[in-house]
Amino acid sequence: MSSATLRLPGHLAHPFSPTGRVDPHPAYRWLRTYAPVYQDPATRMWLLTSHADCSAALRSDAFSAAQGQQGRARDDALPPSMLTTDAPDHHRLRAPGGLLLGPEAIRSVADGIGREVDALLERTGGRPGELDAATGIGEPLATAVYARLFGLEDAERPRFEELARAVSVNLDPMAGPATAAAGRAAMGELSRYLDAVARRHAETGFDCPLSRLAADDRLTRPEMLGILGLAVVGGWQPLAETVGNALYWLLPRPAAVEYLRRAGDRAARTAVDELLRLEAPIPFTARVTTREVELPGGRVPAGARVLAVLAAANRDPAVFERPDELLLDRSPNPHLAFGGGPHFCLAAVLVRQTGALLLPRLLRRFPGVAAHQDRARWDDRVLPRRLAEYPLELGPHRPDALARNTHDDMEA
């Protein structure tokens, strides 16, 4: 029997159903074992769940990212960016995109991001009672990081955060018409806002990753703004949600907490990769086949709408020993949380660096931090994979001097 004729057993919740979204991994395990290349009767899409099949699809030019984005349930056009184009336009846009999110760009703001983390934790430590991991730590952190990348003044941060939250609905490929319309309007506002910021930097000569991107003559103005918009839509909320998702795995495990509390920068970045492997905010990516393709797990016809289910590939026992366990020192770790191939996430360095800065410092500064694990609630949206509620109690606040990382210097 071929994968295309199999059906998910009735006792397993569909991974995109309200029940399955809470814990999609039982369904993913079944699909990976019995139908790694699966034509889903509910969505008419082809789901790839093995690491081998997802890796092959992400690297093959037979799987169009541009058509994958056009095949969303929504009918609004996305701005020109790395996400919405294939080669050669993708390569033309990605090269200048490195001015915003490449290793050298992140290195140029690394010290500033470190100070932002310390300032955030200092402010957070002064708050009584419980706070939510995403809204209390993740979102302020993401805003502070983008303020450094974009050269925003302190007074501009609330407006930027408001716009970033509003445009994040564009992440959801299944958003309804009203939500999609709100997302379109918010993207227009964000583009105008960032255009004004870029023009101000050009007039004043202010240097930051955004100003370097805006000055690159390889891009038209709409293309430049499309890259900035994608950086916000694809980065602000996922960066914010990474915090809660990581703490969800860490805090119930005292040995993991102690390991990361003592970790230097290199060990912390390795740990961040493992936390992303287990619970990345972006669980899949869409493609459309431009021709018939033979994958390791089966054949996909031409014109097929395909989801490479990265969350399933990241727990493939053919690649990862003890795939459902948290092993913070896992190395090598060929996870696909950042995708792969030509569309490998340009913000990967930023996410690794920010997570490696925040998590050990938080655990050292608040040695008694604990979560209300019984109140953890996963959002009912398919994308991003996020905790709608995850309340924390930080506990006593240690002095800043005792909380700093003295093991390794930060390096991009």
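Criteria and thresholds
- Throughout this document, residue positions are counted from 1 along each chain, in the order its sequence is written.
- For this predicted model, a pLDDT threshold of at least 70 governs which residues receive local features, and a threshold of 80 or more governs which side-chain atom pairs are given and counted, while totals over whole chains, interfaces and linings are taken from all residues.
- Hydrogen atoms and water are omitted, and side-chain values are computed over all heavy atoms in the structure.
- By the criteria applied, helices consist of DSSP H or I runs no shorter than four residues and strands consist of E runs no shorter than two, each listed in order from the N terminus.
- Note on exposure labels: buried denotes an accessible area under 20% of the residue type's maximum, exposed denotes more than 50%, and partly exposed covers the range between, all computed with a 1.4 Å probe on protein chains only.
- The contact criterion used is simple: two residues touch if any of their non-hydrogen atoms lie within 4.5 Å.
- Pairs of cysteine sulfur atoms within 2.5 Å are what we label disulfides.
- By the convention used here, strands pair only if DSSP detects at least 2 bridges between them.
- Pairing of aromatic side chains here covers Phe, Tyr and the six-membered ring of Trp, requires ring centres within 6.5 Å, and sorts the geometry by plane angle: under 30 degrees stacked, over 60 edge-to-face, intermediate tilted.

We now examine the overall build of the chain. Broken down by element type, the chain carries 17 helices and 12 strands. The buried share of the chain, taken over its 412 residues, is 56%. Taking contacts inside the chain between residues at least 6 apart in sequence as the whole, the part at least 24 apart equals 73%.

Turning to the state of the cysteines, a few remarks are in order. Following the criterion strictly, the structure yields zero disulfides and no others. Unpaired in terms of disulfides, C345 finds its nearest cysteine sulfur in C54, a separation of 16 Å.

This part is about the sheet that holds strand 12 (residues 391-393). One open sheet accounts for three strands, arranged 4-12-9; its pairing is antiparallel. At either end of the open sheet lies a strand with only one pairing partner, and these are strand 4 (131-132) and strand 9 (370-371). By the bridge criterion, two bridges tie strand 4 to strand 12 in an arrangement that is antiparallel. Directly across from D132, in strand 12, lies its bridge partner P391.

Okay, the packing of aromatic side chains next. Summed over the entire model, instances satisfying the criterion amount to eight aromatic pairs. With a centroid separation of 5.3 Å and 40 degrees between ring planes, the pair formed by W30 and Y34 is classed as tilted. Residue W30 and its partner Y34 are located together in helix 2 (residues 25-34), separated by four residues, close to a single helical turn. A relative accessible area of 15% means that W30 is categorised as buried. On the numbers, 6.0 Å between centres and 25 degrees between planes, the contact of Y146 with F160 is stacked.

Shape descriptors only; they carry no functional weight alone.
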